[in-house]
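# Tertiary structure, described
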Amino acid sequence: MKKRDKNIIDKIRNKLLKQEMSVLVGSGFSKNANTNFPLWGALLLDLLKDLFKPEYEKWKKDNPKKDDNEFIKLKSHEYDYLD
């Protein structure tokens with residue numbers, strides 16, 4: 001490890017120990033630990049498929065060539081989520 005990197009890590013560790021900072025971990029971080037955890041997009045799509053199953057199935061039948069992300073966008077705009 002480079003000395004500069006070690007110094008940065010030491011500073012972060014010291015700030016954490018003194019409770020002078022917090023760490024926020026993004027949604028993709030768990031992929032480093034285990035590839036079985038879904039990313040937010042996949043998780044959101046699974047939830048939407050469960051919540052709006054009949055609507056999703058009709059949408060998929062009517063739009064067979066569209067990517068599932070289009071369904072996420074449709075529901076997101078419909079409910080003012082992620083706007």
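Owing to the predicted nature of the structure, the values given are computational and were not obtained by experimental measurement.

## Brief notes about helix H5 (residues 68–78)
Residues of H5 that are buried: Asp-68, Phe-71, Ile-72, Lys-75 and Ser-76. Summarising the axial view, the buried residues of H5 lie within an arc of 130 degrees, below the 170-degree limit, and thus occupy one face. Where the residues of H5 are buried, they touch helix H3 (40–51) and helix H4 (53–62). At the N-terminal end of H5, a side-chain oxygen is found 2.7 Å from the backbone nitrogen of Asn-69, two or three residues along, and the residue is Asp-67. Immediately beyond the C-terminal end of H5, within one or two residues, lies Asp-80, with a positive phi of roughly 55 degrees.

## Considering H3
For H3, built from twelve residues, the straight-helix expectation of 16 Å at 1.5 Å per residue is met to within 8% by its first-to-last C-alpha distance of 16 Å. For H3, the complete set of buried residues consists of Leu-44, Leu-45 and Leu-48. The arc that holds every buried residue of H3, seen down its axis, measures 100 degrees, which confines them to one face. Where the residues of H3 are buried, they touch H4 and H5.

## Observations regarding the nonpolar core
Counting residues in each nonpolar core, the largest one holds eight residues, listed as Leu-44, Leu-45, Leu-48, Phe-52, Tyr-56, Trp-59, Phe-71 and Ile-72. Mapped onto this core, the elements with two or more residues apiece are H3, H4 and H5. With three residues, H3 is the single largest residue contributor to this core. When residues no more than four places from it in sequence are discounted, the contact partners of Leu-48 are Lys-53, Phe-71, Ile-72 and Lys-75.

## Digging into the pattern of salt bridges
Scanning the entire structure with this criterion turns up ten salt bridges. For the salt bridge of Lys-75 with Glu-55, the shortest nitrogen-to-oxygen distance reads 2.7 Å. A residue pair is termed long-range when its members are at least 10 positions apart, and Lys-75 in helix H5 and Glu-55 in helix H4 qualify at 20 residues. A relative accessible area of 2% means that Lys-75 is categorised as buried.

About the cut-offs
- Position numbers for residues start from 1 in each chain and track the written sequence from start to end.
- Totals for whole chains, interfaces and linings use all residues, but because this is a predicted model, local features are given only for residues with pLDDT of at least 70 and pairs of side-chain atoms are given and counted only at 80 or more.
- Side-chain measures were taken over the full set of non-hydrogen atoms in the model, leaving aside hydrogen atoms and water.
- Buried means the residue's accessible area, taken with a 1.4 Å probe over protein chains only, is under 20% of the maximum for its type, while exposed means over 50%, and partly exposed covers the values in between.
- A run of H or I in DSSP becomes a helix once it reaches four residues, and a run of E becomes a strand once it reaches two; helices and strands are each numbered from the N terminus.
- The arc in question is formed by the directions pointing from the helix axis toward the C-beta atoms.
- Contacts are assigned to residue pairs that have any heavy atoms within 4.5 Å of one another.
- Nitrogen and oxygen atoms within 3.5 Å of one another constitute a polar contact, given that in protein one can donate a hydrogen and the other can accept it, and given that sequence-neighbouring residues count only through two side-chain atoms.
- How far a helix is expected to stretch is found by multiplying one less than its residue total by 1.5 Å.
- Nonpolar cores were defined as sets of buried Ala, Val, Leu, Ile, Met, Phe, Trp, Tyr and Cys residues, with membership established by side-chain atoms within 4.5 Å.
- The salt bridge definition used is simple: a Lys or Arg side-chain nitrogen within 4 Å of an Asp or Glu carboxyl oxygen.

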